[in-house]
Amino acid sequence: MTNGIFISIKPPYCKLIKSREKVNEFRSKIPKKPVKYFWVYESAPSSSLKYCAIVGAPVHFPDKSRRGW
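These numbers come from a predicted model, not from an experiment. (Residues numbered from 1 in each chain as written. Predicted model: local features only at pLDDT ≥ 70, side-chain atom pairs only at ≥ 80, totals over all residues. Heavy atoms only, no water.)

Colleague: I would appreciate a short explanation of the pattern of salt bridges in the present structure.
Modeller: Note on pairing: side chains with opposite charge can pair once their charged atoms come close. This model, assessed by the stated rule, comprises 3 salt bridges. The salt bridge involving Arg-27 is made with Glu-25; its shortest N-O contact spans 3.1 Å. The network of salt bridges with common partners includes Lys-22, Glu-25 and Arg-27. (Salt bridge = Lys/Arg side-chain N within 4 Å of Asp/Glu carboxyl O.)

Colleague: Help me out: how do you make sense of the side chain of Glu-42 in this one?
Modeller: Inspection of the secondary structure assignment puts Glu-42 in strand 2 (residues 37-42). A polar contact is formed between the side chain of Glu-42 and the side chain of Ser-46, at a distance of 2.5 Å. In this view, Glu-42 contacts Ile-9, Pro-11, Cys-14, Ser-47, Ser-48 and Lys-50; residues no more than four positions away in its chain are not counted. (Helix = DSSP H or I, 4+ residues; strand = E, 2+ residues; numbered from the N terminus. Polar contact = N/O pair within 3.5 Å; in protein donor to acceptor, adjacent residues only side chain to side chain. Contact = heavy atoms within 4.5 Å.)

Colleague: Can you walk me through the pairing of strand 3 (residues 48-54) in this structure?
Modeller: Walk down a regular strand and you will see the side chains alternate between the two sheet faces. Two strands pair when backbone bridges link them, and strand 2 and strand 3 are joined in this way by 6 bridges, in the antiparallel orientation. Across the sheet, Tyr-41 pairs through a bridge with Leu-49, a residue of strand 3. Here strand 2 folds back onto strand 3, and the loop between the two strands holds 5 residues, one of which, Ser-47, carries a positive phi near 45°. (Pairing = 2+ DSSP bridges.)

Rendered as structure tokens:
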């Protein structure tokens, strides 16, 4: 599992990410090393590993996100 990290996301947001309605995920910490994959763990009630997402470089400022507010 080189170049990947696990992230936990609530079920409603997993569905939005899967349907591509949600394209940004904001986190307070940035990985120390570059990552290529996010292994998405869906939290309760399913509590299971659901997806593997290929990701780009992190964006440090919200005004540079793919979709504006």
